[in-house]
Amino acid sequence: MRIVGVDLCLLEYPLETPFYPAWLPGYPQTAHRVHLLTLETDEGIKGYAAGVAFSREGSGLQQLLLPFLFGRDPMNVEEVVQIARSATFLGLRLWWIEMAFWDIIGKALGQPVYRLLGGYQERVRAYASTGELRSVEERLDYVAQVREMGIRAVKLRFHSWDWREDMAVARAVRERYPDMEIMVDANMGWRVAGMAPAPKWDVSTALRVAEELAELGVRWLEEPLDKNDYEGYRRLREKAPIPLASGEMNQDLHEFREYLIRDAIDILQPDVCLSSGILMGKKIAGMAEAFGKQIAPHTWTSGLGLAANLQLMGASPNCEWAEFPYEPPGWDLKARDYFLTEPIVPDSEGYLPVPSKPGLGVEIDEDAVKHYRVEN
Ligand SMILES: [Mg+2]
């Protein structure tokens, strides 16, 4: 089998309401843009991959990738990993293209990818992942809504200039819902500054936050420090009374190895779109397992990215939690999954099913692709 078709296009879905991501202070997001890669084999099998797009930064990408992908054997994923690794020399983060190959492999073999990589679990407990900084009342309303969906865990954003304001929200959620699992994401790992003041914590600030969160029984504190400050994480973890999580923008095996050999965090969060691809995500999960650590893959990209990360989760025995990105009205299910035929939703018990169709487990809505495709 060979790749005989390579198409890379930009999709642009206008959000019905602007979305204000906590991790991009001062940036109102008005569209969900995606790079969609479609590969076709000489047997007529189509494999899809989706990567994040902020603007028109992907123009020229199809031309760049064509000689690397055309004519390739889609079963040789290790070589695709090497191509993505080579792209880092150009400052490009192209791990996401690898999922298209798994989509083809799974479709060729009639199996969802997680069944080919270990087949461990058919569903993973979901936590509702918030995206904005909201008032206490607004956040309590949100938690009530996700509880109606069956979800019993929520990840809150801490990114206010004064973290005590965020702590008030966490405290209110804990008081109102004693049975709710709470995670906290500080989004300091790949801090974006320049449009508005962006907070930055040092180890002692992160420790104070961790101590207060421990009193609330918070499940983990995510990205309190820069993603490459491995020594800072090691020092923080020596004293922090709750588990630490990080890794969504770390890349390749050696960056995750740094966390492990320093015993610097508890939960690794590779994202198959942003940091690894599926095959390397499985290797990272294996390294974590050897060190007695969990993985909790980051999934906040698109519906296809969520599906691909769920395939990794389904194959990983040391994965307990699935991130369910959901922050209506801006980032609702339609905005997130607009080019899938069906949105990915939790079951009545608050678990996310690992998508079970062959390949990445979901179907691409070709009409939506035509509708939202824009000139790049
Ligand atoms: Mg995060």
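Participant: Which residues make up the overall build of the protein chain, and what are the values?
Facilitator: Helices and strands together make up the secondary structure of the protein chain, namely 13 helices and 13 strands. Scaling as 2.2 N^0.38, a compact globule of 376 residues should have a C-alpha radius of gyration of about 21 Å, and the protein chain matches this with 20 Å. In terms of principal-axis extent, the alpha carbons of the protein chain reach across some 60 × 45 × 40 Å. Burial statistics for the protein chain: of 376 residues in total, 59% are counted as buried. A fraction of 74% describes how many contacts in the protein chain between residues 6 or more apart in sequence connect residues 24 or more apart. For the protein chain, the computed accessible surface area is about 14,700 Å², with 49% contributed by carbon and sulfur atoms. Of the side-chain charges in the protein chain, 40 are positive and 56 negative, and the distance between the mean point of each set is 3 Å.

Participant: Please provide a residue-by-residue account of helix α11 (residues 303–314), values included.
Facilitator: Because an α-helix packs 3.6 residues into every turn, residues spaced three or four apart end up facing the same way. Here α11 spans 16 Å end to end across 12 residues, near enough to the 16 Å set by a 1.5 Å rise per residue. Of all 12 residues that make up α11, 12 are buried, and the element is covered over most of its length. Inspection of α11 places Gly303, Leu304, Gly305, Leu306, Ala307, Ala308, Asn309, Leu310, Gln311, Leu312, Met313 and Gly314 among the buried residues, and these make up the whole buried set.

Participant: Tell me about the packing of aromatic side chains, and please be specific about residues and values.
Facilitator: The geometry of an aromatic ring pair is captured by the separation of the ring centres together with the interplanar angle, meaning the angle of the planes. Within this structure, the stated rule accounts for 14 aromatic pairs. Considering the side-chain rings of tyrosine 338 and tyrosine 372, the 5.2 Å spacing of their centres and the 75 degrees angle between planes classify their relative orientation as edge-to-face. Of this pair, tyrosine 338 sits in the loop between α12 (333–337) and β12 (351–353) while tyrosine 372 sits in helix α13 (residues 366–372), and the two are 34 residues apart along the sequence. In this pair, the class of tyrosine 338 matches that of tyrosine 372, namely buried. Cluster of aromatic residues (ring-pair linked, three or more members): Tyr13, Tyr338, Phe339 and Tyr372. A cation over an aromatic ring shows up here: arginine 164 above the ring of tryptophan 163, its NZ or CZ 4.7 Å from the ring centre.

Participant: Describe the state of the cysteines, naming the residues involved and giving the relevant values.
Facilitator: This structure, assessed with the given rule, holds zero disulfides. Residue cysteine 9 stays outside any disulfide, its sulfur separated by 15 Å from that of cysteine 273, the closest cysteine. There is no disulfide at cysteine 273, and the cysteine sulfur nearest it, in cysteine 319, is 15 Å away.

Participant: Now, about the coordination of the magnesium ion: what can you tell me, with residues and values included?
Facilitator: As a benchmark, a tetrahedral metal site with four donors has ideal angles of 109.5 degrees, while an octahedral site with six donors has ideal angles of 90 or 180 degrees. Donor atoms from the polypeptide that bind the magnesium ion are Asp185 (OD), Glu222 (OE) and Glu248 (OE), placed at 2.0 to 2.2 Å. The sequence motif formed by the donor residues of the magnesium ion is D-x36-E-x25-E. Of the two residues, aspartate 185 is situated in strand β6 (residues 181–185) and glutamate 248 in the loop between β8 (244–246) and α9 (252–261); the sequence distance between them amounts to 63 residues. Glutamate 248 shares its class with aspartate 185; the two are buried.

Here is what the cut-offs are and how they apply
- Residues numbered from 1 in each chain as written.
- Predicted model: local features only at pLDDT ≥ 70, side-chain atom pairs only at ≥ 80, totals over all residues.
- Heavy atoms only, no water.
- Helix = DSSP H or I, 4+ residues; strand = E, 2+ residues; numbered from the N terminus.
- Rg over C-alpha atoms; globule rule 2.2 N^0.38 Å.
- Buried < 20%, exposed > 50% of the residue type's maximum accessible area, 1.4 Å probe, protein only.
- Contact = heavy atoms within 4.5 Å.
- Areas by Shrake-Rupley, 256 points an atom, 1.4 Å probe, with all protein chains shown as cover.
- Lys, Arg positive; Asp, Glu negative; His and termini not counted.
- Charge placed at Lys NZ, Arg CZ, Asp CG, Glu CD.
- Expected span 1.5 Å × (residues − 1).
- Phe/Tyr/Trp six-rings, centres within 6.5 Å; stacked < 30°, edge-to-face > 60°.
- Lys NZ or Arg CZ within 6 Å of the ring centre and 35° of its normal.
- Disulfide = S-S within 2.5 Å.
- Donors = N, O, S within 2.8 Å, 3.2 Å for Na, K, Ca; no water.

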